[in-house]
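# Reading the structure
These are the residues of each chain, in order.
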2 protein chains.
Amino acid sequence: MTTNENNRLTAQIQDALEQKDTERLRFLLRKQRPEDIAEACHFLHAYECDHILELLPPDVAGHVLYELDPVVRGEVGEMLDPRVVSEALTALAPEEAADVFEVFSDEFTESVLGYMNPEAYGSIEKLMSYRPDSAGGIMTPDVFWLHEDTSVDEAVYTLQDTEDIDAISYLYVVDKDRRLTGVMPLKRLITSDGNRKLADVATRDVISARVDDDQEDVAHMVEKYDFSALPIVDAQGVLVGRVKSDDVIDVFQEETTEDMQKVGSVMPLNTSVLNASFTALYLRRVVWLVLLVFVNIFSGAGIAHYEELIEAVVALVFFLPLLIDSGGNSGSQAATLIIRSLATGDVRVGDYSRLLLREVAVSLMLGLSMAAAVFFLGLYRADIQVALAVSLSMVCIVIMGSLLGMSLPFILARFKMDPATASAPLVTSMADVLGVLIYLSIANAMLGIANG
Amino acid sequence: MTTNENNRLTAQIQDALEQKDTERLRFLLRKQRPEDIAEACHFLHAYECDHILELLPPDVAGHVLYELDPVVRGEVGEMLDPRVVSEALTALAPEEAADVFEVFSDEFTESVLGYMNPEAYGSIEKLMSYRPDSAGGIMTPDVFWLHEDTSVDEAVYTLQDTEDIDAISYLYVVDKDRRLTGVMPLKRLITSDGNRKLADVATRDVISARVDDDQEDVAHMVEKYDFSALPIVDAQGVLVGRVKSDDVIDVFQEETTEDMQKVGSVMPLNTSVLNASFTALYLRRVVWLVLLVFVNIFSGAGIAHYEELIEAVVALVFFLPLLIDSGGNSGSQAATLIIRSLATGDVRVGDYSRLLLREVAVSLMLGLSMAAAVFFLGLYRADIQVALAVSLSMVCIVIMGSLLGMSLPFILARFKMDPATASAPLVTSMADVLGVLIYLSIANAMLGIANG
């Protein structure tokens, strides 16, 4: 469904809601996919969305809840009758239901679980016990597995009796303790000799991940090997679920959004910008901004130290923003390149020394190019002495900024911190402080005596 | 394979290469996956990697070539015998082979294609005719499709005779002109009544994408609907391929890397930072840096305009870096939030006015918080008048920076340009120029008369 079609659906729903035309609303919704209804809900009031959810059959309502933005989901869900929510969530896969529960209060979760049958209840609770950002937190427990002594024919019969694992593409082969010993694509089941044992036709060299592995590591494995699903085992090697490649897409999107927010010195929002509250936005931005004010106090102190020089040659101030910005800009470039490369795994912590020398060379060339641009500006605004001081400062500041920007993410990674904490604003502010000191001490050395 | 295991493999390969122990090398490589060999190759010289590729069976060599970073692939591949490359690429899926060809020179491509059989040649050439960033550029032409009048039993027989489409999970149903009319999961084939026609058991409401659709739109569809594969049709609705969810992961990773590089004001590198050449890095960074120097000339001009004020109250300079940085930092925050939200589809161009008011409120609060922090600094370094001027400037500058940062990506998107062009350095530099003007004109109004 295109953006325009979605806008039209939203408008039609709003229209039907305003006219309290329940029949038309029901008719409108009947033909829609849950993903599209959820998208429309983000443009409605919570009570309107609740009205829609109550009209939908439980399985559709469940999927709409699942597709909603977490913040909206919490707001909308808790206003519904727990019995309605329970029916809706029973229709979902257990891992989807567990994700929905994550945003509900403990009381509401308990009252919803109270309406569920013990089996559904059990598998959802089990999933909720894993960390949300671990393999267990993103896997589905619905796997198609059989004992290795099963024959291919028996496996086909079993598959025919298995309900509703529509999306499976692999059959996992296990030993008597359900430990994972093999894997085969479903298609091979259809093309193999019916009398052979699964142990003989399956691929024995199975790549799997542990249930407590970090979701990012699991995602990188799926990305690297191009699997459509990766089996997940517990500490004993027992098969407990699988992570599908479409779940991995969500992990990458989520992790990247977090990384980009950090690079912009915003603490992770965990919701869309549209749905973030005023307070959430304020709190997630103010901390870094105020911290950076304190970093910048040092630049003021540096300037105060050279007060006499500035009084003597006020023209020096003209170039101050230009020079410190250039250091910050080249630093932001270097930091962004390294942060992303560390995140994708293109660069590892051990590659630092290999990259350092090239960065020195690149930043020297960058600095010289920019120095050439400002030299003539210096001549025009002041004199040859100032022009030389500004140009030399530019080279030094760009090299300093670049090395700072490329090193900071490595240092953070080395100490097991998130490299993305080396945000563009942090690098810029640090480069500015050092830039002020470099500029004014160079200017002082070159002009202080002549003019002072 | 973990990072450590990979490092060990690299070391063992290097060791065997140094000792020219071909037997040991062959033994080492026999047990490895192509993905892991490719990873090791990135730490070897091109000629060493060539030596390895010549030792490998053609199908493994093909996969290693495919997994290599594009820059390394070009270097390594073109040094090989075109006949060897041709055999290796024939073993790949056509879309993988087409991707590999992308980095080769026209001459080398032709000489490799010369060794291929006409059928493989044709399907690879067809794929190479699509734009690399379109659905056609990322799809695989290997789809399992049957006519809608086929019975379920016949379909199962056909599947049994179909070679090596291991990874398929859907059967696509087409009419006599191969136009897509239905879809069904493979599993349903096993569980349906054998006598029924595919037309009756397939899902008729198929979501598909057009072969010339942008890869990003296709990726968002797969993400939204959680498909493991999306069928691709041409302008006539004829089925021509499918895009798998693991291909979508690569699209998202690639697009995000580009976005982050743009946000850091680096032009897209299209290769890993480790493999980028000195010249590539220099050229992709220098353009923005020099452009930003020219933006910053205006801040110098602003300062020159207030030269007398600065000479009278030098203390004003102390706060200059702090104030302009704060505007840039809040602007970077706002820009990063909006750029990412526009990329994920959380925010659309039409949401601007909805977000504007909240941004005014949030940035006012941020500005007041930061003004409180600098007020005391102003008192300490100068006097109450300077402290007031600095605090008031802080509020205005933070609001200006935030609104600039949030608006610029929207404006770019509105004019069909990439919102990520509103990089942190661009926003910072523009905010700095405006910040200088705001600060000095406020200071001039409040102090100019008293001190001048």
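All figures in this text were calculated on a predicted structure; none of them were measured in a lab. (Residues numbered from 1 in each chain as written. Chains lettered and ligands numbered in written order. Predicted model: local features only at pLDDT ≥ 70, side-chain atom pairs only at ≥ 80, totals over all residues.)

## So, the interface of chain B and chain A
Of the residues lining the interface, 100 residues belong to chain B; the matching set on chain A comes to 100 residues. In terms of residue count, the dominant contributor to the side of chain B that touches chain A is helix 20 (residues 320-344) of chain B (17 residues). Of the residues assigned to the side of chain B that touches chain A, the class counts are 53 nonpolar, 28 polar and 19 charged. (Contact = placed C-beta atoms within 7 Å. Helix = DSSP H or I, 4+ residues; strand = E, 2+ residues; numbered from the N terminus. Nonpolar A, V, L, I, M, F, W, Y, C, P; charged D, E, K, R; others polar.)

## Here's the deal with the domain arrangement of chain A
Looking at the assigned domains, one finds that chain A contains domain 1 (3-129), domain 2 (145-247) and domain 3 (278-451). Its C-alpha centre places domain 1 of chain A at a distance of 50 Å from the equivalent point of domain 3 of chain A. (Domains from an automatic or database assignment.)

## Some remarks on the pairing of strand 6 (residues 239-244) of chain B
Residue and element names in this part refer to chain B. For strand 6, a buried count of six out of six residues is recorded, marking the element as mostly surrounded by other parts of the structure. Summarising the sheet, strand 5 (residues 229-233) and strand 6 pair through five bridges and their orientation is antiparallel. Along strand 6, the bridge assignment pairs Ala229 with Lys244. Counted along the chain from strand 5 to the antiparallel partner strand 6, the turn is five residues long, and its residue Gly237 has a positive phi close to 85°. (Buried ≥ 20, exposed ≤ 12 C-beta atoms within 10 Å, placed from the backbone. Pairing = 2+ DSSP bridges.)

## Quick notes on the environment of B:Pro185
Relative to the elements of secondary structure, B:Pro185 occurs in strand 3 (residues 180-185). Along the primary structure B:Pro185 and B:Val360 are separated by 175 residues, whereas in three dimensions their C-alpha atoms are 50 Å apart.

## A look at the relation of the copies chain B and chain A
Mapping chain B onto chain A leaves a residual RMSD of 0.1 Å; the transformation is a rotation of 180° accompanied by 0.0 Å of translation along its axis. The superposition of one copy onto the other is thereby described by a two-fold rotation axis. Residue by residue, 100% of the interface of chain B is reproduced at the interface of chain A, so both copies engage with the same surface. (Least-squares fit on C-alpha atoms with pLDDT ≥ 70 in both.)

## Overview of the sheet that holds strand 2 (residues 170-174) of chain B
Residues and elements named next belong to chain B. Ordered by their spatial adjacency, three strands build an open sheet running 1-2-3, and the pairing between neighbours is mixed. Each edge of the open sheet is held by one strand with a lone partner, namely strand 1 (145-147) and strand 3. Within the sheet, the average angular offset between the axes of one strand and its neighbour, ignoring direction, is 30°. By the bridge criterion, five bridges tie strand 2 to strand 3 in an arrangement that is antiparallel. Across the sheet, residue Tyr172 finds its bridge partner in strand 3, namely Val183. (Axes fitted to C-alpha atoms, helices over the stretch in contact; angles between N-to-C directions.)

## Let's talk about the environment of B:Asp226
Within the element layout of this structure, B:Asp226 appears in the loop between helix 15 (215-225) and strand 5. When the C-alpha atoms of B:Asp226 and B:Ser245 are compared, they prove to be 8.2 Å apart, with 19 residues separating the residues in sequence.

## Things to note about helix 9 (residues 106-113) of chain A
All names here are of chain A. Where helix 9 is concerned, the buried positions are Thr109, Val112 and Leu113. End-on view of helix 9: buried residues confined to an arc of 95°, all on one side of the axis. In helix 9, those exposed residues whose orientation departs by more than 90 degrees from the buried face are Glu107 and Glu110. On its buried face, helix 9 is in contact with helix 7 (82-90), helix 8 (94-101) and helix 10 (118-128). (Arc of directions from axis to C-beta.)

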